[in-house]
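Geometric and topological summary
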Amino acid sequence: MRSGFAKADEARYAGRWQLAAYHYRRALDEEPRAPAIWVQYGHVLKLCGELAAAEAAYRESLQFDPDNADTYVQLGHVLTLQKRPGEAADAYRHALALDPALDEAAAELRALGMTEANMAGRVGDAA
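All of the points below concern the structure found in this document. (Residues numbered from 1 in each chain as written. Predicted model: local features only at pLDDT ≥ 70, side-chain atom pairs only at ≥ 80, totals over all residues. Heavy atoms only, no water.)

**Description of helix α3 (residues 35-47)**
Compared with an ideal rise of 1.5 Å per residue, which puts 13 residues at 18 Å, α3 spans 19 Å between its outermost C-alpha atoms and is within 8% of the ideal. For α3, the tally of buried residues reaches ten of 13 residues, placing the bulk of the element in the interior. Looking at α3, one finds that the buried residues are I37, W38, V39, Q40, Y41, G42, H43, V44, L45 and K46. Buried-residue contacts for α3 involve α1 (4-13), α2 (17-30), α4 (51-64) and α5 (69-81). (Helix = DSSP H or I, 4+ residues; strand = E, 2+ residues; numbered from the N terminus. Expected span 1.5 Å × (residues − 1). Buried < 20%, exposed > 50% of the residue type's maximum accessible area, 1.4 Å probe, protein only. Contact = heavy atoms within 4.5 Å.)

This is the structure in structure tokens:
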């Protein structure tokens, strides 16, 4: 029998976001402390338009892997979609603090109107 995670990945690759979300959630029932599964769950929830749930999934992932810069970028994306630019900027800044070479976070900050000088500004409680 294929694992829930494998079924979820298969559904995600096929663009079946709701089915993928269902299988990722089931995989998390079996492995609730798996940050990579939380991130993938967040991705498909975001694609389903379930932005608050996606945010919660990314934040849950960060509970188990707080030093993952990419997860902060993903959190920033979903906060941007929710029209919460200040919180998104905090998430992107946190990503840059963890990985200064993360061009995607810097690009998102520029898109939010940040200059290089204020990109490294105060990082709020993004997680």
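On we go from here.
**So, the pattern of salt bridges**
For the structure on display, the rule yields six salt bridges. For the salt bridge of R84 with E55, the shortest nitrogen-to-oxygen distance reads 2.7 Å. Here E55 lies in helix α4 and R84 lies in the loop between α5 and α6 (85-98), a separation of 29 residues in the sequence. Owing to a relative accessible area of 23%, R84 belongs among the partly exposed residues under this scheme. Among the ionic pairs, R93 bridges to D90, the shortest N-O distance being 2.9 Å. On the criterion of helical spacing, the pair formed by R93 and D90 is a turn pair, its members being three residues apart in helix α6. Note on R93: relative accessible area 11%, which makes it buried. The exposure class of D90 is buried, given its relative accessible area of 13%. Shared partners join several salt bridges into a network, and the residues in it are E55, R59, R84 and E87. (Salt bridge = Lys/Arg side-chain N within 4 Å of Asp/Glu carboxyl O.)

**A closer look at α5**
Between the first and last C-alpha of α5 there are 19 Å, a value that for 13 residues agrees with the 18 Å anticipated at 1.5 Å per step. All of the buried residues in α5 are A69, T71, Y72, V73, Q74, L75, G76, H77, V78 and L79. Residues of α5 that are buried make contact with α3, α4, α6 and α7 (103-111). One side-chain oxygen of the residue at the start of α5 lies 3.0 Å from the amide nitrogen of D70, identifying that residue as N68. Of the residues one or two after α5, K83 is the one with positive phi, at around 60°. (Polar contact = N/O pair within 3.5 Å; in protein donor to acceptor, adjacent residues only side chain to side chain.)

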